[in-house]
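Read off the chains here:
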Amino acid sequence: MSYEVKMPQLGMNQDTAVVVAWFKKEGEKVEKGDPLFEVETDKATMEVEAQKEGYLSKIRVDEGSEVPVGHLLALISDNNEGSDTAQTDLAVSDTLEPSEPEVETVKNKSTKIEVRNIESPSNKKELINSSSSNYGANAGDKILASPKAKFAAKEMGFDLAELRNAGISEPFHFADLGRMPQSSSFSSIYMQVSAEAINALILKSESVQRSLLFSKFTSSAWSFVFEESALEVVFKDTNGESYLETGADTLSSSSETTTITLIDLCETRLSAYETGSNNLTLSFSQLQNEFTVCLSFNEKILQFSDAVKFLNELGARLEDPILQLI
Amino acid sequence: MRSITLSQAVNEAIAEEMRRDSSVFLIGEDVAEAGTPFKITSGLVEEFGTQRVIDTPISEPGFMGLAVGAAITGSRPIVDIMFGDFLFLIMDQLCNQAAKAHYMSGGKLNVPLVVRTNLGATRRSAAQHSQSLHALVSHIPGLKVAMPSSAYEAKGLLKTAIRDDNPVVIFEDKLMYQDKADVPEDEYLIPFGEAAVLQEGNQVTLIGTSSMRQVCEDAALILEDEEISVEIIDPRTLVPLDEKTILNSAKKTGRVVVVDEGHQNFGVTAEIASRISEKAFYYLDAPVIRMGAMDVPVPFSPVLEDLTVPTAEKVASNARKIIAGELLHEL
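Just so you know, these numbers come straight off a predicted model, no measurement behind them.

Colleague: Explanation requested: the overall build of chain A in the structure shown.
Modeller: From N to C terminus, chain A includes eight helices and 15 strands. With 326 residues in all, chain A has 40% of them scored as buried. A fraction of 58% describes how many contacts in chain A between residues 6 or more apart in sequence connect residues 24 or more apart. Carbon and sulfur atoms form 47% of the exposed surface of chain A, whose accessible area is close to 18200 Å².

This is how it looks when you write it as structure tokens:
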């Protein structure tokens, strides 16, 4: 952060003044109250004190130059960084009208005057940045939205800046919130469960397919936990192709249908597949006599506790398939 | 149910109340022999006589002052002000005397009078006979203001007004006198401060006073063809105003167009829109739109006069824009 040092107004009818001398060099440490520079008007010569502690980072006006009141003379920075920061700051303030510094009473020649806290334009910009930081990158540039949209966004914990970043035109209305990407709350739960029973079953009868068992147990565990909700099972193979395994139960077609994607990784060296999307995904892998089952879900759609319940039910069925098949 | 004109409904209300209460009398220009220029009070003088249906000279301040005195001393006068524009002539009697007597007497005096008058342009009556001046009296504490929007409301509100112990100004739209509506034969009253929700919807609320209710209903028909769901509210009385119904609707739809035939500047639409903005701000998804009469003296030229009042097309267009999120004014 840096403070602007400007040419003070020392008399009622004074428009300009001459910087006679700088008492500090660029980069030099400045204490509050240190004489900073000497200024001469047609009536008097005065010393001006530094109002802020810091480092004199950039002197813009050479000794002997006459400049208008309010003209930027120098910057005092919090830290003694290179001139880069100073340059940027200057570039910012260049584009803005110099504000008139507040000056305490001037009595006569060699009166010491104090340049009070000048809130520089660049300083103001930072203030805006910090106060509206929740509006993201375009801070300082007010986001236009209807009161309802703003209120709803706040309630939902959404950042309206995301709509701006998504290129949706302003002002935003309530309906625009629906176009906002859902903030992520994707989770994965892993479960390890004995594969012995399933493998024994497959050994006994060649007609039994492992993937089919996975599908059946998934459906059964689902309907055990979510009685009302229908489940549609989609298989995704390791080539990335998907096909529908079982459609939703027609009896419960009136209620909401959830789709779950199953991926059987047992024939691969892979251990799990996490999607990080709204889609519900279950991956199955096998190491020795143990399955690793991974459920990926969005906690905004499927509650964590329900996910745990569902996975536990699935685990019970995998461990004791005969019981389930009976 | 039978259907009668607004004019008949007003006539019935006056007649019923005069039969019920012998302290009720009617006074004004041309109310007896001529039955007013709109033939509203025809037949009353035959039933109640010239002692209770009183023709006056052209002297609004005089007979209004008389009525205030009569009201304070136990009568219940109905004052007929032939055109709403003539309210300017009775401002002192109405606003300085009638409106304040109860307060300034510490509640010892009541002024149970009714001023019946009218509003509305597009009757080719030019600038001094076409104004809608209800905002003027709504501004004065101590007066109640009713705005019937059909024959049904005209009868029910007028009967309530006559029975009210406070001065009430009731405005009828002079273009609606021949409009018919279902009116029960049995007696009924419409309480003050209860708005009517004429149609429920959830995308936009149209609030229409007096004849602007019809404009809102026509606008709703246009919008329904576009599958826009419209809620229509008729406040029925401006003072007291049923803020609750209005705010609930504004909160539900998030978009409101307020339509009234008074001039838009500093008008009834401004008051209603402002209350919505203050009290339902966080529910609003669009600026509350005011639609009043154009801020010009009402022109005599029919072509120009028709341009000064809100129309169903204009109301529908504004509603459509705020639903689409279009801006009516530059940012």
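Colleague: It is not clear to me how the sheet that holds strand 10 (residues 204–208) of chain B should be interpreted in this structure. Could you clarify?
Modeller: Sheet strands pair via backbone hydrogen bonds, and the direction of the pair is either parallel or antiparallel. All names here are of chain B. Read across the open sheet, the five strands follow the order 9-11-10-13-14; overall the sheet is mixed. Among the strands making up the open sheet, the edge pair consists of strand 9 (196–199) and strand 14 (289–293). Sheet twist, expressed as the average angle between the axes of neighbouring strands with direction ignored, equals 25 degrees. Pairing of strand 9 with strand 11 (residues 230–234), which is carried by three bridges, proceeds in the antiparallel orientation. Its bridge partner lying in strand 11, A196 is registered against D234. Along the sheet, helix 7 (residues 212–225) makes contact with strand 9, strand 10, strand 11 and strand 13 (256–263), crossing strand 10 at roughly 155 degrees.

Colleague: Sorry, what's going on with the environment of G254 of chain B here?
Modeller: All names here are of chain B. Considering the arrangement of structural elements, one finds G254 in the loop between helix 8 (243–253) and strand 13. Residue classification places G254 among the buried residues on the basis of a relative accessible area of 0%. When the C-alpha positions of G254 and N202 are compared, they lie 8.4 Å apart, and in sequence the two are 52 residues distant. Those residues within four positions of G254 in sequence are excluded, and the remaining contacts are S249, Y283, L284, D285 and A286.

Colleague: Help me understand the pairing of strand 10 (residues 186–194) of chain A in this model?
Modeller: Side chains on a regular strand alternate between the two faces of the sheet. Residues and elements named next belong to chain A. Because side chains alternate across strand 10, one face comprises the buried residues S187, I189, M191 and V193, and the other comprises F186, S188, Y190, Q192 and S194, none of which is buried. Two strands pair when backbone bridges link them, and strand 10 and strand 15 (residues 290–298) are joined in this way by nine bridges, in the antiparallel orientation. If you follow S194 over to strand 15, its bridge partner there is E290.

Colleague: Where do I start with the nonpolar core in this structure?
Modeller: By size, the foremost hydrophobic cluster in this structure holds 85 residues, and its most contacted members are V53, L94, V115 and I276 of chain B. Considering every element that reaches this core, the biggest residue donor is helix 1 (residues 6–20) of chain B, with seven residues. Residue-level mapping places this core at the junction of two domains, with at least three residues from each of domain 1 (3–182) and domain 2 (196–323) of chain B. Excluding residues within four positions of it along the chain, L94 of chain B makes contact with M64, L87, A99, V115, V137, L143 and V169 of chain B. W222, I260, V293 and L314 of chain A belong to the second-largest nonpolar core, a separate cluster that totals 32 residues.

Colleague: Honestly, the interface of chain A and chain B in this entry has me stumped. Any pointers?
Modeller: Opposite the 10 residues of chain A that make contact, chain B presents 11 residues. Where chain A abuts chain B, roughly 810 Å² becomes buried across the two surfaces, and 65% of that area is made up of carbon and sulfur atoms. Its largest share of buried area at the contact with chain B, chain A owes to P147, K148 and H173 of chain A, together 60% of the area lost on that side. Our enumeration of links across chain A and chain B arrives at zero salt bridges. The interface formed by chain A and chain B includes three residue pairs in polar contact (both at pLDDT 80 or more). A per-class count over the side of chain A that touches chain B returns seven nonpolar, two polar and one charged.

Colleague: For this particular structure, what's the right way to read the sheet that holds strand 3 (residues 29–30) of chain A?
Modeller: All names here are of chain A. Judged by pairing direction, the sheet is antiparallel, and its four strands sit side by side in the order 1-8-6-3 without closing on themselves. Only two strands of the sheet have a single neighbouring strand rather than two, namely strand 1 (2–6) and strand 3. Relative to strand 8 (residues 72–77), strand 1 runs antiparallel, the two sharing five bridges. Bridged to Y3 within strand 8 is I76.

Colleague: Would you mind showing me how to read the confidence of the model for chain B here?
Modeller: When the pLDDT values of chain B are averaged, the result is 97; 100% of them are 70 or greater. With a pTM of 0.61, the predicted complex shows an ipTM of 0.78.

Colleague: What exactly am I supposed to notice about the pattern of salt bridges here?
Modeller: Close approach of charged atoms lets side chains of opposite charge pair. Residue and element names in this part refer to chain B. For the coordinates displayed, the defined rule picks out 34 salt bridges over all chains. A salt bridge links E12 to R2, with the nearest nitrogen and oxygen atoms 2.7 Å apart. Placement of the pair is E12 in helix 1 and R2 in the segment before strand 1 (3–5), with a sequence separation of 10 residues. We note a salt bridge from R76 to D165, for which the minimum N-O separation is 2.7 Å.

Colleague: Sorry, what's going on with the environment of V31 of chain B here?
Modeller: Residue and element names in this part refer to chain B. Relative to the helices and strands, V31 resides in the loop between strand 2 (24–28) and helix 2 (44–48). Since its relative accessible area comes to 0%, V31 is described here as buried. With 48 residues separating them along the chain, V31 and V79 place their C-alpha atoms 9.6 Å apart. Once residues within four sequence positions are removed from consideration, V31 is found in contact with L26, T36, T41, V53, I54, D55 and D80.

Colleague: Is there a simple way to explain unusual backbone geometry in this structure?
Modeller: For residues that are not glycine, phi is negative in most cases, and the peptide bond is trans in most cases. Here the bond from E170 of chain A into P171 of chain A is cis, since omega is 0 degrees, no more than 30 degrees from zero. With respect to the element layout, P171 of chain A can be found in the loop between helix 4 (161–165) and strand 10. Looking along the chain, the bond that leaves V239 of chain B and enters P240 of chain B is cis, with omega of -5 degrees. Phi is positive for R124 of chain B, which is not a glycine, with a value near 60 degrees. Looking at the element boundaries, R124 of chain B is found in the loop between strand 5 (114–119) and helix 5 (134–138).

Colleague: Before we go on, may I ask you to explain a negative patch on the surface in this structure?
Modeller: Judged by side-chain charge, D30, E33, E46 and D55 of chain B come together as a negatively charged surface patch. Along the chain, the position of E46 of chain B falls in helix 2.

Colleague: For this particular structure, what's the right way to read the packing of aromatic side chains?
Modeller: Given two aromatic rings, their pairing is described by the distance between the two centres and the angle made by the two planes. For the coordinates displayed, the defined rule picks out 11 aromatic pairs over all chains. For the ring pair F38 of chain B and F83 of chain B, a centre distance of 5.9 Å and an interplane angle of 65 degrees mean the geometry is edge-to-face. In this pair, F38 of chain B is assigned in the loop between strand 2 and helix 2 and F83 of chain B in the loop between strand 4 (76–80) and helix 4 (91–104), connecting sequence segments 45 residues apart. With respect to burial, F38 of chain B and F83 of chain B carry one shared label: buried. Geometry around Y55 of chain A places K29 of chain A over its ring, the cationic atom sitting 5.3 Å from the centre. The ring of F174 of chain A carries K148 of chain A above its face, with NZ or CZ at 4.7 Å from the centroid.

Reading the values: rules and limits
- Residues numbered from 1 in each chain as written.
- Chains lettered and ligands numbered in written order.
- Predicted model: local features only at pLDDT ≥ 70, side-chain atom pairs only at ≥ 80, totals over all residues.
- Heavy atoms only, no water.
- Helix = DSSP H or I, 4+ residues; strand = E, 2+ residues; numbered from the N terminus.
- Buried < 20%, exposed > 50% of the residue type's maximum accessible area, 1.4 Å probe, protein only.
- Contact = heavy atoms within 4.5 Å.
- Areas by Shrake-Rupley, 256 points an atom, 1.4 Å probe, with all protein chains shown as cover.
- Pairing = 2+ DSSP bridges.
- Axes fitted to C-alpha atoms, helices over the stretch in contact; angles between N-to-C directions.
- Core = buried A, V, L, I, M, F, W, Y, C linked by side-chain atoms within 4.5 Å.
- Domains from an automatic or database assignment.
- Buried area = accessible area lost by both parts, 1.4 Å probe.
- Salt bridge = Lys/Arg side-chain N within 4 Å of Asp/Glu carboxyl O.
- Polar contact = N/O pair within 3.5 Å; in protein donor to acceptor, adjacent residues only side chain to side chain.
- Nonpolar A, V, L, I, M, F, W, Y, C, P; charged D, E, K, R; others polar.
- pLDDT = per-residue confidence, 0-100.
- Patch = residues over 30% accessible without salt bridge, like charges linked within 9 Å, V, L, I, M, F, W, Y side chains within 5 Å.
- Lys, Arg positive; Asp, Glu negative; His and termini not counted.
- Charge placed at Lys NZ, Arg CZ, Asp CG, Glu CD.
- Phe/Tyr/Trp six-rings, centres within 6.5 Å; stacked < 30°, edge-to-face > 60°.
- Lys NZ or Arg CZ within 6 Å of the ring centre and 35° of its normal.

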